[in-house]
Amino acid sequence: MSKKLLLFIALISLFALQSHSQSLTNLKDINKTWEKFYKAFDNLDYTLMANIHSEKLIRISGGNRITDYKTYINNYKATFDRARENKTSNTIALRFFERISNDSTASERGVYKLTRIENGKSPKSYYGQFHVIFIKENNTWKILMDYDSSEGNTIGEEAYQKARDINNFDAFKNN
């Protein structure tokens, strides 16, 4: 084998490893934002919600309403305040069927499961499909667009289980 060919193969291999690790790095960094999202629900903390969303946010709820950042965060403040007053706890979990990113933008689609426990009642779970667009702002992944819908109440536990766990990076590396 010629030295040029060996050098070419080495460069291609190095580039492939770099892009592979970058994709994994993006997934892990995006998961840090999702961890704050989870924590916001667990702690009923609207300030965490404000922190992880871009102020340029476009929120499309249930496939029928568009709101901006300020309205979205104020809605969470009211929702979390009401939950605290009513002694309601919220837990949210996400599973994914698509995670695509480059160094500045990411698109993530999947199924969420929101479980609420109202004071003295049995837990009740709600499901929906989501599509979130992230952008990097000041080296931090922020949610720019958040769309969710129950798809006419057709999303449930089966769709949730079918999607992949948030830490299943192998399924999404280099996508």
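Data block above holds the structure.
Residues numbered from 1 in each chain as written. Predicted model: local features only at pLDDT ≥ 70, side-chain atom pairs only at ≥ 80, totals over all residues. Heavy atoms only, no water.

Caption draft 1: Seen up close, the overall build of the chain. Counting its regular elements, the chain contains four helices and seven strands. Sequence-ordered secondary structure for the chain, helices as α and strands as β, is α-α-β-β-α-β-β-β-β-α-β. Looking at the chain alone, contacts between residues at least 24 apart form 61% of all its contacts between residues at least 6 apart. Surface summary for the chain: the accessible area is close to 10500 Å², and the carbon and sulfur share equals 51%. (Helix = DSSP H or I, 4+ residues; strand = E, 2+ residues; numbered from the N terminus. Contact = heavy atoms within 4.5 Å. Areas by Shrake-Rupley, 256 points an atom, 1.4 Å probe, with all protein chains shown as cover.)

Caption draft 2: Examining the side chain of Thr-67 more closely. With respect to the helices, strands and loops of the structure, Thr-67 is situated in strand E2 (residues 65-68). Classification of Thr-67 as buried rests on a relative accessible area of 14%. If sequence neighbours within four positions are ignored, Thr-67 has contacts with Leu-57, Ile-58, Arg-59 and Tyr-72. (Buried < 20%, exposed > 50% of the residue type's maximum accessible area, 1.4 Å probe, protein only.)

Caption draft 3: Inspection of the pattern of salt bridges at higher detail. Counted under the stated rule, the structure contains nine salt bridges. When the shortest N-O distance is used, the salt bridge between Arg-59 and Asp-148 registers 2.5 Å. Within this pair, whereas Arg-59 is found in strand E1 (residues 53-61), its partner Asp-148 is found in strand E6 (residues 140-149), the two being separated by 89 residues in sequence. Classification of Arg-59 by relative accessible area gives buried; the value is 8%. Looking at Asp-148, the relative accessible area reads 12%, which means it is buried. One salt bridge in this structure joins Lys-121 and Glu-118, with 3.4 Å as the shortest N-O distance. By relative accessible area, Lys-121 is classed as exposed at 54%. The class of Glu-118 is partly exposed, set by a relative accessible area of 37%. Each member of the salt-bridge network shares a partner with another, and the members are Arg-59, Asp-146 and Asp-148. (Salt bridge = Lys/Arg side-chain N within 4 Å of Asp/Glu carboxyl O.)

Caption draft 4: Helix H3 (residues 69-85), seen in detail. Compared with the 24 Å implied by 1.5 Å per residue over 17 residues, the 24 Å span of H3 between its first and last C-alpha is a close match. Within the span of H3, buried status applies to Tyr-69, Tyr-72, Ile-73, Tyr-76, Phe-80 and Ala-83. The buried residues of H3 occupy one face: seen down the axis, they fall within an arc of 90 degrees. Opposite the buried face of H3, at more than 90 degrees from it, the exposed residues are Lys-70 and Glu-85. Positive phi appears at Lys-87, one or two residues downstream of H3, with a value of about 55 degrees. (Expected span 1.5 Å × (residues − 1). Arc of directions from axis to C-beta.)

Caption draft 5: Fine view of the nonpolar core. Of all hydrophobic cores here, the largest spans 33 residues; its most connected members are Trp-34, Phe-37, Phe-41, Met-49, Leu-94 and Phe-134. When residues of this core are traced back to their parent elements, those giving at least two are helix H1 (3-43), helix H2 (46-52), H3, strand E3 (89-101), strand E4 (105-117), strand E5 (124-137) and E6. At seven residues, the largest contribution of residues to this core is made by H1. In contact with Phe-37, not counting residues within four places along its chain, are Met-49, Ile-52, Ile-92 and Leu-94. (Core = buried A, V, L, I, M, F, W, Y, C linked by side-chain atoms within 4.5 Å.)

None of the figures reported here should be taken as evidence of function without further support.
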